[in-house]
Amino acid sequence: AALLSNLREYVQPPPSPTEAVLTTDGYFTSSIMKLSPTPSVRRECYMQSNTMAPENIEVLHDLVKIRHELSSMLGYGSYAEKMTRDKMAGSRENVAEFLRRQAAATEEGYGLEMEMLRRKKAELEGTTEDVMPWDVPFYMNICKAETAAAEYDLSPYLTVDNCVRGLVHITDTLLNVRMAELPLEEGEGWCDDMRKFVFMEEDGSEIGTMYFDLYPRESKYNHAAHFTVRCGCKFYKDEELRDQTPIVAVVANLTGGGKAQPQGGLLSHTEAETLFHEFGHALHSIMSRTKFQHMSGTRGPVDFVETPSHLMENFVRDHRSLSTFAHHHITGEVVPAERVEVLRKARGMFNSLEKRQQCMYAEFDQELFGPPPLSSP
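Residues numbered from 1 in each chain as written. Predicted model: local features only at pLDDT ≥ 70, side-chain atom pairs only at ≥ 80, totals over all residues. Heavy atoms only, no water.

**Student:** Can you walk me through the overall build of the protein in this structure?
**Tutor:** Each helix and strand counted, the protein has 13 helices and nine strands in total. Projecting the C-alpha coordinates of the protein onto the three principal axes gives extents of approximately 70 × 65 × 45 Å. Counting every position in the protein, which comprises 377 residues, the buried fraction comes to 38%. Long-range pairs, those at least 24 residues apart, make up 61% of the contacts in the protein between residues at least 6 apart in sequence. Surface summary for the protein: the accessible area is close to 21,700 Å², and the carbon and sulfur share equals 54%. If the 39 positive side-chain charges of the protein are averaged to one point and the 56 negative ones to another, these points end up 2 Å apart. (Helix = DSSP H or I, 4+ residues; strand = E, 2+ residues; numbered from the N terminus. Buried < 20%, exposed > 50% of the residue type's maximum accessible area, 1.4 Å probe, protein only. Contact = heavy atoms within 4.5 Å. Areas by Shrake-Rupley, 256 points an atom, 1.4 Å probe, with all protein chains shown as cover. Lys, Arg positive; Asp, Glu negative; His and termini not counted. Charge placed at Lys NZ, Arg CZ, Asp CG, Glu CD.)

Have a look at this one:
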């Protein structure tokens with residue numbers, strides 16, 4: 001009941017006093033899988049969320065068939081070959097070799113991490129049964145929480161305003177680019193708590209504009225993302241080649257925040273990571289200089305576009321950077337290095353298991369859209 005009360009918006013009106021109808025929204029199901037101590041609830045949630053749209057099997061079959069036909073018309077042996085040809089990977093064979101190396105590198109760690117989950121399940125459930133798919137998120141969360149109880153104490157140091165100051169500082173020191181906050185002009189914004197930042201070179205020339213739309217509201221996109229409002233590119237005006245400056249938006253749904261909260265509200269460390277991640281995407285689009293707009297920023301090779309975003313995440317994990325902006329919202333104390341170290345170690349837990357999961361997704365994708373027979377009708 002306590003768990004459902006925190007996720008009330010995902011619970012539909014019950015058909016009876018003893019029942020509840022739950023949605024299969026991704027945020028809700030992932031929360032249940034991580035937080036529910038009842039194995040049967042986790043299992044039901046897992047099964048329902050993974051079988052809720054059986055009609056999509058036929059859609060997927062048609063998608064595989066048509067993609068293979070189009071790729072064949074263009075001279076490729078498969079859709080996977082077509083999609084890797086102009087990427088950093090270069091070929092389907094290179095992808096397979098990369099995944100093989102990842103599997104070998106994580107084999108020992110994967111075994112140790114699964115054994116840790118088995119021991120924790122036996123301790124809490126009193127069973128010798130193997131760890132099931134619906135057990136993994138729950139016991140991973142338990143193990144991480146036991147190792148890094150201090151993680152939740154970082155929130156007092158991670159206000160929205162502190163994190164934004166960190167982004168401004170990093171942009172200035174790393175790229176020598178000024179990030180200036182300016183007021184919105186009349187009719188410019190689409191919500192009341194938007195923030196606008198203009199990026200400029202040392203000489204004051206404008207590079208681009210970035211909007212922050214960080215807090216939840218009714219009917220808003222309920223995840224975090226970077227959106228391009230206008231791509232950067234070259235264009236001619238009066239026979240002179242000019243630059244079109246990009247306009248981008250960082251959209252999130254940060255909990256506990258809002259313009260009514262002091263310093264924009266407090267963020268969990270995960271939320272701070274999300275903000276820095278999406279800012280990395282937006283910064284990529286702001287700094288991109290291309291002739292054609294369809295090659296600008298995150299429209300480049302898709303196996304590169306996560307590099308700037310993951311680079312930015314590291315600034316929230318390293319005390320050297322955190323100490324420049326993560327200050328206690330009341331006392332002004334710099335976030336203690338030992339707390340950051342505890343968090344850093346916890347974030348590295350189950351790294352092999354998570355890599356194996358990503359490899360599985362990639363291998364499935366490569367097989368599904370690879371050469372026949374899977375690509376054939």
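**Student:** Would you mind showing me how to read a negative patch on the surface here?
**Tutor:** Taken together, the side chains of Asp172, Glu201, Glu202 and Asp203 define an acidic patch exposed on the protein surface. Relative to the helices and strands, Glu201 is located in the loop between β4 (195-200) and β5 (206-213). What makes Glu201 partly exposed here is its relative accessible area of 35%. (Patch = residues over 30% accessible without salt bridge, like charges linked within 9 Å, V, L, I, M, F, W, Y side chains within 5 Å. Salt bridge = Lys/Arg side-chain N within 4 Å of Asp/Glu carboxyl O.)

**Student:** Please explain the packing of helix α2 (residues 26-35) against helix α3 (residues 39-51) as it appears in this structure.
**Tutor:** Two measures define how a pair of helices packs: the angle their axes make with one another and the distance between the axes. Running from amino to carboxyl end, α2 crosses α3 at an angle of 150 degrees, the nearest separation of the two axes being 9 Å. Relative to α3, the element α2 lies roughly antiparallel. For the crossing formed where α2 meets α3, the hand is left-handed. For the pair α2 and α3, contact is made by Thr29, Ile32 and Met33 and by Val41, Arg42, Cys45, Tyr46 and Ser49, respectively. Per-class residue counts for the contact of α2 with α3 are five nonpolar, two polar and one charged. (Axes fitted to C-alpha atoms, helices over the stretch in contact; angles between N-to-C directions. Parallel < 35°, antiparallel > 145°, perpendicular 65-115°, else oblique. Left-handed = near helix turned anticlockwise from the far one by under 90°. Nonpolar A, V, L, I, M, F, W, Y, C, P; charged D, E, K, R; others polar.)

**Student:** How should I be thinking about the nonpolar core in this particular structure?
**Tutor:** Nonpolar side chains in soluble globular proteins tend to be buried together. Among the nonpolar cores identified, the biggest contains 37 residues, and Leu158, Phe199, Met210, Phe212, Leu214 and Phe279 are the most heavily contacted of them. Counting residues per element, the ones that place at least two in this core are α8 (160-175), β4, β5, β9 (247-251), α9 (269-287) and α12 (337-347). The element that contributes the greatest number of residues to this core is α9, accounting for seven residues. Setting aside chain neighbours within four positions, we find Met210 in contact with Arg195, Lys196, Phe197, Phe199, Val248, Val250, Phe279, Ala282, Leu283 and Ile286. (Core = buried A, V, L, I, M, F, W, Y, C linked by side-chain atoms within 4.5 Å.)

**Student:** Is there a simple way to explain the sheet that holds β9 in this structure?
**Tutor:** What links the strands of a sheet is backbone hydrogen bonding, and the strands pair in either a parallel or an antiparallel sense. In space, the five strands of this open sheet follow the order β3-β4-β5-β9-β6, with mixed pairing throughout. The sheet is open, and its two edges are formed by β3 (178-182) and β6 (225-230), each paired on a single side. On average, each strand axis in the sheet is tilted by 25 degrees relative to the strand beside it, whichever way the strands run. Pairing of β5 with β9, which is carried by five bridges, proceeds in the parallel orientation. Within β9, the position partnered with Asp213 by the bridge is Val251. Each of β3, β4 and β5 touches α8; the most contacted strand, β4, lies at about 10 degrees to it. (Pairing = 2+ DSSP bridges.)

**Student:** Would you mind going over unusual backbone geometry with me for this structure?
**Tutor:** For Asn176, which is not glycine, the phi dihedral falls at a positive 55 degrees. Of note, Asn176 is situated in the loop between α8 and β3. The exposure class assigned to Asn176 is partly exposed, which follows from its relative accessible area of 39%. A positive phi is found at Glu239, a non-glycine position, where the angle reads about 65 degrees. The exposure class assigned to Glu239 is exposed, which follows from its relative accessible area of 80%.

These figures come from the coordinates and say nothing about function on their own.
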